[in-house]
Amino acid sequence: MHTFLKDFFSKEWREFILFHSKVVKFKKNEVIFSIGHETQGIYFIIDGKVKVTTGTGTGTERIIGLATNNDIIGHRGFGGIWKYTVSATTLENSELLFIPLKIFNIVFKANPEFAYFMMMFFANELRDSEKLASQLPIRNVIASVLYNNVKVFGYEKGSKKMRYTPSRKDMASQAGTRYETLVRTLADFNAEGIIRIDGKSIHILKEATLLKMRNGEE
């Protein structure tokens, strides 16, 4: 059961939501929804990893978010013309709880604690979007990519090795920069002792430094 069901709803409401929702399974690299598709509902990740992307106007895509267990996707299709403004694709085999829009609206209006949680969620999403749009030096943007990845996926048990290290290509997409720039900056971080590169894996040695750079404090 997704943790939000346990945290915000009575037994009766949990049964109502599960009765009207469905668990959907996606294989690795499968598209969950695409830009321009009509909003059908919202997804809560039970198990798996997902990337959220947008178009760049040049025929390429930019990764603007990562999501994993207990995260929410599909909310960017809410409001306006009720169409998804981003796409979502799995990074591994994933299992999601899909709640139809009509059911979500009923639940949202009848459960104040859940409504407050969603309001705070949207506020945090807006704050993160503002940071993404800010004109920080690319070095700071790449630090933000590393920090955000750790916050989403965490570390391997008992170490500072990132539990999931996106490909260098995907990290460059997240940062909105060229592959070569990403690789060069990672090499700089490695030389400065902020991270340690181990083949394709990355160990985070100074998370606090990455956070300061993310916030524009360094």
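What counts and how
- Residues numbered from 1 in each chain as written.
- Predicted model: local features only at pLDDT ≥ 70, side-chain atom pairs only at ≥ 80, totals over all residues.
- Heavy atoms only, no water.
- Pairing = 2+ DSSP bridges.
- Helix = DSSP H or I, 4+ residues; strand = E, 2+ residues; numbered from the N terminus.
- Axes fitted to C-alpha atoms, helices over the stretch in contact; angles between N-to-C directions.
- Contact = heavy atoms within 4.5 Å.
- Buried < 20%, exposed > 50% of the residue type's maximum accessible area, 1.4 Å probe, protein only.
- Arc of directions from axis to C-beta.
- 1 Å grid on protein atoms, 1.4 Å probe; cavity = no way out; pocket = protein on both sides within 12 Å on 5 of 7 lines; lining within 4 Å.
- Points joined across faces, edges and corners; volume = space filled by probe spheres on them.
- Nonpolar A, V, L, I, M, F, W, Y, C, P; charged D, E, K, R; others polar.

**Topic: the sheet that holds strand E4 (residues 50-55)**
The four strands are arranged E2-E7-E4-E5 in an open sheet whose pairing can be described as antiparallel. Either end of the sheet is taken by a strand with one partner, and the two such strands are strand E2 (31-33) and strand E5 (61-67). The sheet shows a mean angle of 30° between the axes of neighbouring strands, direction not considered. With six bridges joining them, E4 and E5 adopt antiparallel strand pairing. When the bridges of E5 are listed, Thr53 appears paired with Ile63. The strands that helix H6 (residues 168-175) touches are E4 and E5; relative to E5, the one it contacts most, it runs at about 100°.

**Structural notes on the side chain of Asp170**
Along the chain, Asp170 falls in helix H6. Every residue in contact with Asp170, bar those within four places of it in the chain, is listed here: Lys51, Ile63 and Leu91.

**Topic: helix H3 (residues 101-110)**
Because each turn of an α-helix spans 3.6 residues, side chains separated by three or four positions in sequence point in the same direction. Within H3 the residues assigned to the buried category are Leu101, Ile103, Phe104 and Val107. Down the axis of H3, the smallest arc covering the buried residues is 155°, so these residues share one side. Summarising the geometry of H3, the exposed residues directed more than 90 degrees from the buried face are Lys102 and Lys109.

**With respect to the layout of surface pockets**
Of the volumes computed, that of the largest pocket is approximately 1,100 Å³. Lining of the largest pocket is provided by 44 residues; of these, Ile64, Gly65, Leu66, Glu125 and Asp128 occupy positions nearest its centre. Mapped onto the lining of the largest pocket, the elements with two or more residues apiece are helix H1 (3-8), E5, strand E6 (72-73), helix H4 (112-133) and helix H5 (138-153). Its residues assigned to classes, the lining of the largest pocket shows 20 nonpolar, 15 polar and nine charged.

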